[in-house]
Amino acid sequence: MKLSEVKQVLAQLEKVDFQLEEGSFVPEHFHVTEVGQVEKKYIDCGGVIRSEKKVSFQLWNANDVEHRLKAGKLLNIIRLSENKLGIEDGEVEVEFQGKTTIGKYNLSFNGQHFILVNTLTACLAEDACGIQPEDLPPATCAPGSGCC
């Protein structure tokens, strides 16, 4: 989901909810501790230089249960970030603290809630590193399948 789409959705909402794909919700008293633009330059295992630019939101769950971020407030934070940091319209990546580590998620909207969409790693140079299609893990990883 691009930042422009997030802003369009926020303009229609009163409250903001983030839901993980498995169904649980980010606690309603979360804070958005960062809105920024992340640029990444790297070289893949096939020697190709690549770059990407994403808009980053960091969600933080504190014990501050007295506050709740309204949609308008988040929209204002985004606009301030665009103005002060020169953030461009791009895909939004959300960081959120899981049980053991920070997870990075893509973002979608289901008509009611923002959904934190699980991300996956992949080889970007499959033709250069000799990985055969049969060596790739299945698209989903079921318990007992040997890929988990």
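Heads up: the structure comes first, above all this text.
Residues numbered from 1 in each chain as written. Predicted model: local features only at pLDDT ≥ 70, side-chain atom pairs only at ≥ 80, totals over all residues. Heavy atoms only, no water.

J.: Looking at this structure, I do not really get the overall build of the protein. What am I missing?
T.: When its secondary structure is counted, the protein shows 3 helices and 6 strands. Scanning the protein from its N terminus toward the C terminus, one meets helices and strands in the order α-β-β-β-α-β-β-β-α. Counting the 148 residues in the protein, one finds 29% classified as buried. The long-range share in the protein, meaning contacts at least 24 apart out of those at least 6 apart in sequence, stands at 63%. Total accessible area computed for the protein in this model is approximately 9800 Å², and 50% of it derives from carbon and sulfur atoms. (Helix = DSSP H or I, 4+ residues; strand = E, 2+ residues; numbered from the N terminus. Buried < 20%, exposed > 50% of the residue type's maximum accessible area, 1.4 Å probe, protein only. Contact = heavy atoms within 4.5 Å. Areas by Shrake-Rupley, 256 points an atom, 1.4 Å probe, with all protein chains shown as cover.)

J.: Sorry, what's going on with the packing of helix α1 (residues 3–10) against helix α2 (residues 71–85) here?
T.: Angle between the axes and distance between the axes: these two values describe a pair of packed helices. Between α1 and α2, whose axes approach to 9 Å, the crossing angle comes to 150°. Judged by the sense of rotation from one axis to the other, the crossing of α1 with α2 is left-handed. Mapping the contact onto sequence places Leu-3, Val-6, Lys-7 and Leu-10 in α1 and Ala-71, Leu-74, Leu-75, Ile-78 and Glu-82 in α2. Its residues assigned to classes, the contact of α1 with α2 shows 7 nonpolar, no polar and 2 charged. (Axes fitted to C-alpha atoms, helices over the stretch in contact; angles between N-to-C directions. Left-handed = near helix turned anticlockwise from the far one by under 90°. Nonpolar A, V, L, I, M, F, W, Y, C, P; charged D, E, K, R; others polar.)

J.: Hey, could you run me through the sheet that holds strand β3 (residues 49–60) in this one?
T.: What holds strands together in a sheet is hydrogen bonding between their backbones, with the strands either parallel or antiparallel. Judged by pairing direction, the sheet is mixed, and its 6 strands sit side by side in the order β1-β6-β5-β4-β3-β2 without closing on themselves. Lying at the two open borders of the sheet, with one neighbouring strand each, are β1 (18–20) and β2 (31–43). Each strand axis lies, on average, 40° off the axis of its neighbour in the sheet, ignoring direction. Two strands pair when backbone bridges link them, and strand β4 (residues 92–97) and strand β5 (residues 102–109) are joined in this way by 5 bridges, in the antiparallel orientation. Bridged to Val-94 within β5 is Tyr-105. (Pairing = 2+ DSSP bridges.)

J.: Help me out: how do you make sense of the packing of aromatic side chains in this one?
T.: Two numbers describe a pair of aromatic rings. These are the distance of the centres and the angle of the planes. If you walk through the whole model with that rule in mind, you get 3 aromatic pairs. For the ring pair Phe-18 and Phe-30, a centre distance of 5.3 Å and an interplane angle of 85° mean the geometry is edge-to-face. With a gap of 12 residues between them, Phe-18 in strand β1 and Phe-30 in the loop between β1 and β2 connect regions that are remote in the sequence. Relative accessible area serves as the criterion here: at 3%, Phe-30 is assigned to the buried category. Centroid distance Phe-18 to Phe-114: 5.5 Å. Interplanar angle 25°. Geometry classified as stacked. In this pair, Phe-18 sits in strand β1 while Phe-114 sits in strand β6 (residues 114–118), placing the two residues 96 residues apart along the sequence. Aromatic ring contacts, followed pair by pair, group Phe-18, Phe-30, Phe-109 and Phe-114 into a single cluster. (Phe/Tyr/Trp six-rings, centres within 6.5 Å; stacked < 30°, edge-to-face > 60°.)

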